[in-house]
Amino acid sequence: MLLLTLRPRRRLLQLLLLISAAATISAAAALYSSYHGEDERALLAFKAKFSSDSGALASWNQSTSYCSWDGVTCSRRHRWRVVALDLSSQGLAGTISPAIEYGEGLAVSTCGDMFSLGITLLEMFTAKRPTDDMFRDGLSLHGYAEAALPDEVMEIADSNLWLHDEASNNNDTRHIMRTRKCLSAIIQLGVLCSKQLPSERLSISDATAEMHAIRDKYISAQRCPIAPE
């Protein structure tokens, strides 16, 4: 785990630079991931969404490798990566989480990576987690962030990112406006990447380009006044 100590005055800028770099790395590594823990968690989350499995998924437990679980097919080249899930003969019924991009007979796609990126952005910039107690009765982190766009972003953003800046404390209108626009763009990006339907999410290349654009615009705005709208 990477631990960073960010100076209060530059916390937002440093976080933008970090996320931009991470987005570039994610785009390059999206189709080549060897970390098997995420696939196992995804499968267990998938199983947990069924109201009853009638013993059909009894083999889905951590006493054995998930690649040996019923209906699971792992890649021959990257042996820890799940490439297909076929449960068509199991007679299962339930609700599938939008975070799980595995379906009956469908291959894994990078849309799941985009969902993870979107939720990670929302977590980092709101200081909220999808598992927080406030997210119940149909309310999700995605819905919470989407409802705040575009005018209430500062209400949900982590105040530690901007509240203790010297410019904010001096009521610098230009700085506050710049920060609001930056946070709004990031939250919107997180929402677009974590849409419920995979087909509605941004592509990895588009998300990376947008993250770089947000960073560059924020840096540029620090050097010159914001033009009135």
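Residues numbered from 1 in each chain as written. Predicted model: local features only at pLDDT ≥ 70, side-chain atom pairs only at ≥ 80, totals over all residues. Heavy atoms only, no water.

Caption draft 1: Examining the nonpolar core more closely. Membership of the largest hydrophobic core comes to 29 residues, with the highest contact counts inside it found for Leu122, Phe125, Leu183, Ile187 and Leu189. Taken together, the elements giving at least two residues each to this core come down to α3 (111-126), α4 (141-148), α5 (153-156), α7 (173-193) and α8 (204-223). No other element matches α7, which puts seven residues into this core. Apart from the residues within four sequence positions on either side, Leu122 is in contact with Ala127, Leu141, His142, Ala145, Ile187, Gly190, Val191 and Ser194. Grouped together as the second largest cluster of nonpolar side chains are 11 residues, Val72, Cys74, Val82 and Leu87 included. (Core = buried A, V, L, I, M, F, W, Y, C linked by side-chain atoms within 4.5 Å. Buried < 20%, exposed > 50% of the residue type's maximum accessible area, 1.4 Å probe, protein only. Helix = DSSP H or I, 4+ residues; strand = E, 2+ residues; numbered from the N terminus. Contact = heavy atoms within 4.5 Å.)

Caption draft 2: How the structure looks around the side chain of Ser184. Position of Ser184 among the secondary structure elements: in helix α7. Beyond its immediate sequence surroundings of up to four residues, Ser184 is in contact with Leu149, Pro150 and Val153.

Caption draft 3: Structural view of unusual backbone geometry. Residue Pro150 follows Leu149 across a cis peptide bond; omega there is -5 degrees. Its location among the elements puts Pro150 in the loop between α4 and α5. Of note, the phi angle at Ala127 is positive, near 60 degrees, even though the residue is not glycine. Within the secondary structure layout, Ala127 lies in the loop between α3 and α4.

Caption draft 4: Fine view of the packing of aromatic side chains. Scanning all chains against the criterion turns up three aromatic pairs. On the numbers, 5.5 Å between centres and 25 degrees between planes, the contact of Trp60 with Trp69 is stacked. Comparing Trp60 with Trp69, the two get one shared label, buried. Plain terms: the ring middles of Phe135 and Tyr144 are 5.7 Å apart, the flat faces sit at 75 degrees to each other, and that makes the pair edge-to-face. Residue class for Tyr144 comes out buried when judged on its relative accessible area of 18%. Each residue in the set Trp60, Tyr66 and Trp69 is aromatic and connected to the rest through ring pairs, giving one cluster. (Phe/Tyr/Trp six-rings, centres within 6.5 Å; stacked < 30°, edge-to-face > 60°.)

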